[in-house]
Every structure is written in structure tokens, then in C-alpha cells.
Amino acid sequence: MKSQSILNAERNGATDELVKIAVAEGNGIGPEIMDATLKILDAAGAKFSPQFIQVGEEAYRQGHTSGLSEEAWDTISKCKLILKGPITTPQGKGYKSLNVTIRKSLSLFANVRPVNALHPFVPTKFPGMDVVVIRENEEDLYAGIEHRQTDEVVQCLKLITRPGCERIIRYAFEYAKVYGRKKVTCMLKDNIMKLTDGLFHQVFDEIAKEYPQIESDSQIIDIGAARLAARPNDYDVIVTSNLYGDIISDIVAEIAGSVGMAGSANVGMNAAMFEAIHGSAPDIAGKNMANPSGLINAAVMMLGHIGQTETADKIKNAWLATIEAGLHTPDIYKEGMSKRKVSTSEFAEEVISRLGKTPEKLPLSNLVSGQGHINLPEYKRKEATKTLVGVDVFLDWKGASPQDLGRELTALKSYKLKLKMITNRGVKVYPDGNKETFCTDHWRCRFVAEDFDPHQGYPSIDFEQVVALLSKLNANNYDVIKTENLYEFDGVKGFSLGQGE
Ligand code: NAI
């Protein structure tokens, strides 16, 4: 597996000067496309030393439920850079996703997916599109904090943090700066989720000001995704949170016609992993017909990341020239457009023979002007004055009328707290609810200080009052399923109003 110059470098003891990269061939077509990619990296003079690790199927078979042996993990922890082939996910329960394990353990907060059209060699309706989607990778609804609370209701917590927003947004602007991009567009739904997506938007506006040379723009995700699908050439770098990014990064790859050709990076402050976006393609494994382009592009991103931009450009331009020459693997081969159908290994040889050449029609890769590595400043926490002003108590209550519940809770005298409102699925149903509102068995009951006056703002309360209220509710046989404290931060409300409140 080790290529000749790497073996030579190791024999000469020169590998200390090379960047150590943990290399996982992966499963299915993984070994074939990794072999092709490493040969190209080697021929282009990439300065790195691969540290081969076994991950995926074999590790799962040996009983490692995360798909990683301790030895492999040890190598990853030392190298902190991984070039990874696709992994076959085993069927059945009890297996953890290898990608999620690596991403979470190394805190790889940014998923970066550059996609550009290769028209007319790979057909797309959008010649010239060239978009990079930068997706937050660790937070949002993907934190996986879910609960069933009543017969009828389950919930999933959406967590958005300031350090998380600052890191990903700054990374997007730094990426734009380093790689000579002109515009960063933020996509969110902060017209509805005013606190969570609102924070992301606020941080975007703050950080955008630090990069006056880069155009910035925010769009609501629904119309943004629709426009992106209809006019991708209007976009450059897009930064967004986890769920939206998951969806739009696939839209972008699909409309460029290049799902099988795109690479992606998962980047953290101290570690990064590079891979193709496609899977292990078991249907064509071992047939020497897989397209290695996705992994080649991932390796180009890796070289950019470690500052070997000149080599990255050399490989990318040779790859573009090979695509242009019509030398295509079967997945993209088209009679009339392609010149010759080539195998995985022939494709690699054709790329190698074009190292130093540039494409004539497709846009030239020119990362050299960039500085490659992106450095982010340490996050500094700013503490605000936090004041408790109320509590939302969630009840599992099987009664039919919100008026009954409202009257009962209003009558329940408790330690200088009063019921302000009740909502069901976020809609106010007491006081002055609408008879038409459908109600389930999950009621959010908001209590605030007894002397709350809407014209004066929220008086502060003590947590003991909340504890006493919960005891009283429990003593009166209410099924309390959870509470959320209501806080003000430096006098600014840290909670949303109920719809109709
Ligand atoms: P897939 O991407 O492996 O294959 C979908 C189709 O595209 C197949 O017809 C395949 O032959 C073709 N294809 C994929 N890559 C190709 C390439 N480089 N050259 C030519 N044709 C290619 O997706 P599928 O079949 O859904 O998943 C197969 C396995 O891969 C599953 O176990 C899945 O969990 C895993 N997977 C792993 C990923 C990773 O490690 N990052 C990502 C996606 C899937």
C-alpha cells in the first residue's frame, strides 16, 4: 500500500519532516480509490507520511462497536489529521457511527463541502456554479437530546451556543479570506426561532463587521434553499447550522451533478478529517471501476488545510485536465462527450501524467494565493447579570378544557407566584384561548411574580419559590414533567413569548 517515495522517505529517516496523516482505506471501493489517491499525492510531491489504520467493517467484526480499535484511535489522536475512505455501516442495532464518534471526540465543528460544476463534462443545469457549504457540525437538533414526556408528546432539544456560533461563522469568513472568496451568506429561520437562530444571526452580523472586504448576506432558510436550487450561481460561501446545512449541502452536490465527485472536510481547532461524500459502493467494489475523484478532491482539501496549497493546486488542475480530456470512469462516461472509459487505476495514471498541466475550459484551481491554514482565536466568555423572573412548568394533564386547568392553577396560591398563561404546543390557550385550538396532553404553564405588571416588566423571584410551587403541584396530584426557568440577562428577556401571549 505504501507508495515508493513514502517508503524511501521512511527508509531515509525523513518522515519526521513530513506531516503524519492517519489513513483509513475504508470498505467496499475504499481500498481502490485510496490507492489511486495516494499514488497521485505521492507523484505530486505532497509532503506527508501516511499512518495506516484499520477502521470500519473489520473493526466492527472484532467487536469494536464504534468501528475503531484502540490502536487506530491512538494513531488518530497522535496525528489529528485523517484521510478516510468510505465505511460500510453494519446492519442491525448496537453499532455506533464511526463518523459521529470521530467528529464528536475530536470536536470537528465545521463540515466544509466545496462543490463546483464540471459542465459540459458532467452535465448540470448550472454551468459555472461554485459553492462552498460550511455547516456547523456539533450542535442544533443533532445533539440527540430527546425525551418522551406524555402519551402523546416527544421532544428534541435544539441547542445553539455562542461559542459554537462564533467558531463556525468566523471559520466561514476566514475560509472566504484565505481562499479568495467574495461573499458569505448565512441561512436561518430566525423569524420563527428568535432565540436560537436569532443568536446565530446576531453573531453572524457581529463577525461580518470584522470582514468589510467580504460581502455578507442573510436569508431565511426556506427561500434561501429554494433560490439556491434555482440560481446556485448567486452563491459563494454559505454558513449555516447543522440541520439546514445537512439538507442544503446535499442539494448543492445534487444540482452540480457531482455527488460522486465531491470531497468534504470535518474541521476542528486541532484536528481534521477528509473524505469523499459518497459511500462504499459495495455493488462495484473490487472491480477497478470506481471513480476516485471524491477522495482526490478530499485530499486536495487536506493539502490546502495543511498549507501545501501549491501541491493541492497541481493535483486539482491535473484532475480538471483529465476530466476535460474526456477520460472518464464508467459512472460519468457518456458516449459522444467522453473520449475513453477508464478504470480507477488508469484514471489515477492519467491524472499523474497531467501533473503540471492546467485545464483549458474548466476554471483553474488557484489556492496558492491563499495561506492555507486557518487560525481561529480562543473563545472568551462574557458573563451577563442573570435574573430569575419566572418558571414554565410543563404538565401531563388529561383534562379537556384549558379553562378548567387555568382556573385550578390560578386558585392554587403559592409563595407569591401567579399563573400568567398556559400554552399547548406553543399556542396560548389560557386566558382568552381560542375554542378551535387543538390541545394535546402537554401543557406549558407560565408562572411569574405575583406583582408582575405588563407595563413594569418582570420582577425577580427566588428559586425557593419555584421549588415550593413544584411541591404544591405535586401535593395536588399534578404530573410535572419538566420545568424551564425564565431568566433575564442584563435585563433582556431570555425566553420567547407564547404565540398569542
Ligand atoms: P453509495 O454512495 O455507496 O452508492 C450509491 C450509488 O453510487 C451506487 O450505485 C454506487 O455504485 C455509486 N457510487 C458511489 N460512489 C461511487 C464512486 N466513487 N464511483 C462510482 N460509483 C459510485 O451509497 P449507498 O449504497 O447508500 O451506501 C453504501 C454503504 O456506504 C452503506 O453501508 C452506507 O452506510 C455507507 N456510506 C458511508 C459513508 C461514509 O463513510 N462517509 C457515506 C455514505 C454512505
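Heads up: the structure comes first, above all this text.
What this report covers is the structure whose coordinates are included nearby. All residue numbers refer to positions counted from 1 along the written sequence of the respective chain. Residues qualify for local features only when their pLDDT is at least 70, as the model is predicted, and side-chain atom pairs are given and counted only at 80 or more; totals for whole chains, interfaces and linings, by contrast, use all residues. Remark: hydrogens and water are excluded; side-chain values derive from all non-hydrogen atoms of the structure.

Next up on the list: the packing of aromatic side chains. Aromatic rings from Phe, Tyr and Trp, with only the six-membered ring used for Trp, were paired whenever their centres fell within 6.5 Å, and each pair was classed as stacked if the ring planes differed by under 30 degrees, edge-to-face if by over 60, and tilted otherwise. The full count for this structure, using the stated rule, is nine aromatic pairs. With 6.3 Å between their ring centres and 40 degrees between their planes, Tyr171 and Tyr175 make a pair best called tilted. Of this pair, Tyr171 and Tyr175 are both found in helix H6 (residues 162-178), four residues apart, which corresponds to roughly one turn of the helix. Neither residue differs from the other here; Tyr171 and Tyr175 are each classed as buried. By the ring-pair criterion, three or more aromatic residues cluster together here, those being Phe109, Tyr171, Tyr175 and Tyr179. In this scheme, Lys NZ or Arg CZ marks a charge over a ring once it lies within 6 Å of the ring centre and within 35 degrees of the ring normal. Of note, Lys386 hangs over the ring of Tyr487, and the distance from its end group to the ring centre comes to 4.3 Å. Helix and strand labels come from DSSP, where a helix needs a run of H or I of at least four residues and a strand needs a run of E of at least two; each type is numbered from the N terminus. With a 1.4 Å probe rolled over the protein chains alone, any residue whose accessible area is under 20% of its type maximum counts as buried; one over 50% counts as exposed, and the rest are partly exposed.

Following DSSP output, two strands are said to pair if at least two bridges run between them. If you walk across this open sheet you meet the ten strands as E2-E1-E3-E12-E11-E4-E5-E10-E8-E9, and the pairing is mixed. Edge positions in the sheet fall to strand E2 (48-53) and strand E9 (215-220), since each of these pairs with one other strand and no more. Each strand of the sheet is rotated relative to its neighbour by a mean of 20 degrees, with strand direction disregarded. Bridge analysis of strand E3 (residues 81-84) against strand E12 (residues 272-276) gives four bridges, and the strand direction is parallel. Across the sheet, residue Lys84 finds its bridge partner in E12, namely Glu275. Only heavy atoms enter the contact rule, under which two residues are in contact if any of them lie within 4.5 Å. Convention adopted: a line fitted to C-alpha atoms gives each axis, helices being fitted over their contacting stretch, and angles between N-to-C directions are expressed from 0 to 180 degrees. The strands touched by H6 are strand E4 (110-116), strand E5 (130-136), strand E8 (183-188), E9, strand E10 (237-240) and strand E11 (263-267); relative to E5, the strand with the most contacts, the crossing angle is about 160 degrees.

Lining the immediate surroundings of the ligand are 18 residues, of which Ile87, Thr89, Gly279, Ala281 and Asn291 lie closest. Whenever two N or O atoms come within 3.5 Å, that pair is a polar contact, provided that in protein one can donate a hydrogen and the other can accept it, and provided that, for residues adjacent in sequence, both atoms are side-chain atoms. Contact between the ligand and Asn291: a nitrogen atom at 2.9 Å from a main-chain N or O atom of the residue. Burial of the ligand by the protein chains amounts to 62% of its free accessible area of 810 Å². Here the term charged refers only to Asp, Glu, Lys and Arg, the term nonpolar to Ala, Val, Leu, Ile, Met, Phe, Trp, Tyr, Cys and Pro, and the term polar to all other amino acids, Gly among them. Residue composition of the shell around the ligand, by class: seven nonpolar, seven polar and four charged. Any residue with a heavy atom positioned within 4 Å of a molecule or strand is treated as near that molecule or strand. Throughout, the Shrake-Rupley method with a 1.4 Å probe supplies accessible areas, and for residues the shown protein chains are the sole cover considered.

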